[in-house]
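Residues per chain, in single letters:
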Amino acid sequence: SRNGSTIYFFDDIDSNSVAEAIKYIDILESQKVKGITIILNSCGGEEYSGLALSHRMRASKPRFPTIGTGFVASMALIVYLGGDRRIATKNARFLNHQGSTEIGGKSTDIKIESQEMEAMENICINIMAERTKQDPKKLKNSIKIGNKYMSASEAKAQGFVHEIIDEVKKGR
């Protein structure tokens, strides 16, 4: 990007990929770049790791545009919302949905895990509400009925995306 650098995040969100992205953010910040752009294409992944990257982006001194291309799904949507300016390619697809897990064990542990899932869902809903200016209750209800796929235009109409572009150009 002009006066800045670009990080390409085309991976699942997990502790390794997030650690790598945060390492690059730290390096670029130490070089005092004026901006860091993250180009994102991800099916999502681990909630805790995604929150760590999103929070690191929001705490960064350089401005942080994010560009969604391909598929921005699940926890990748929360990372995408970490951008100050959110751009999407015209054919990008977005997915918001309820968290899911596979758990087993004692009934007490299952109840605890269920409560944690509800807490994480509320954290993500609140981030989406803050960044999109939507009502949290409306967001929560929209995912209760199942997977919510959005085109770039639909995501823009709902406040997830600020700008739609034809393609990602080198140096953007």
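Here's a quick rundown of the structure. (Residues numbered from 1 in each chain as written. Predicted model: local features only at pLDDT ≥ 70, side-chain atom pairs only at ≥ 80, totals over all residues. Heavy atoms only, no water.)

Description of the pairing of strand 2 (residues 35–42)
Piece 1. In terms of residue burial, strand 2 counts as a mostly covered element, since seven of its eight residues are buried.
Piece 2. With six bridges connecting them, strand 1 (residues 4–9) and strand 2 associate as parallel partners. Bridged to Tyr8 within strand 2 is Ile39.
Piece 3. Of the crossover connections in this fold, the one passing from strand 1 over helix 1 (residues 15–30) to the parallel strand 2 is right-handed.
Piece 4. Relative to strand 3 (residues 66–73), strand 2 runs parallel, the two being bridged by four bridges. In the sheet register, Ile38 faces strand 3, and the bridge partner there is Thr66.
Piece 5. Read from strand 2 through helix 2 (residues 47–59) to strand 3, the crossover connection turns out right-handed. (Buried < 20%, exposed > 50% of the residue type's maximum accessible area, 1.4 Å probe, protein only. Helix = DSSP H or I, 4+ residues; strand = E, 2+ residues; numbered from the N terminus. Pairing = 2+ DSSP bridges. Right-handed = clockwise from strand over helix to strand, strands pointing away.)

A look at unusual backbone geometry
Piece 1. Even without glycine at this site, Lys32 takes up a positive phi of about 60 degrees.
Piece 2. Position of Lys32 relative to the elements: it lies in the loop between helix 1 and strand 2.
Piece 3. Looking at Lys32, the relative accessible area reads 70%, which means it is exposed.
Piece 4. Of note in this structure, Ser74 is not a glycine but carries a positive phi near 60 degrees.

Some thoughts on the environment of Ile39
Piece 1. By the element assignment, Ile39 lies in strand 2.
Piece 2. Separated by 33 residues in sequence, Ile39 and Thr6 have C-alpha atoms that sit 7.2 Å apart.

Some thoughts on the packing of aromatic side chains
Piece 1. Per the stated rule, a full pass over the model turns up three aromatic pairs.
Piece 2. Note on Tyr8 and Phe10: the rings are 6.3 Å apart at their centroids and 50 degrees apart in plane angle, and the pair reads as tilted.
Piece 3. Look at Phe71 and Tyr149: their rings are 6.3 Å apart centre to centre, the planes differ by 15 degrees, and that puts the pair in the stacked class. Here the residue Phe71 occupies a position in strand 3, and Tyr149 occupies one in strand 6 (residues 148–151), the gap between them amounting to 78 residues.
Piece 4. Phe71 sits in the partly exposed class, given a relative accessible area of 22%.
Piece 5. What makes Tyr149 partly exposed here is its relative accessible area of 44%.
Piece 6. Between the NZ or CZ atom of Lys23 and the centre of the ring of Tyr24, over which it lies, the distance is 5.5 Å. (Phe/Tyr/Trp six-rings, centres within 6.5 Å; stacked < 30°, edge-to-face > 60°. Lys NZ or Arg CZ within 6 Å of the ring centre and 35° of its normal.)

Remarks on the pattern of salt bridges
Opposite charge on two side chains lets them pair, provided their charged atoms get close.
Piece 1. Evaluated as defined, the whole model comprises ten salt bridges.
Piece 2. Residue Glu20 is joined to Lys23 by a salt bridge in which the shortest nitrogen-to-oxygen separation is 3.7 Å. One end of the pair, Glu20, and the other, Lys23, are both in helix 1, three residues apart, so they sit about a helical turn from each other.
Piece 3. Take Lys23: its relative accessible area is 41%, and that puts it in the partly exposed class.
Piece 4. Note that Lys90 is salt-bridged to Asp166, the shortest N-O span being 3.9 Å. Note that Lys90 is positioned in the loop between strand 4 (86–89) and strand 5 (93–96) and Asp166 in the segment after strand 7 (163–165), a separation of 76 residues in sequence.
Piece 5. Since its relative accessible area comes to 45%, Lys90 is described here as partly exposed.
Piece 6. Within the structure, one salt-bridge network assembled from shared partners comprises Glu118, Glu121, Lys140 and Lys144. (Salt bridge = Lys/Arg side-chain N within 4 Å of Asp/Glu carboxyl O.)

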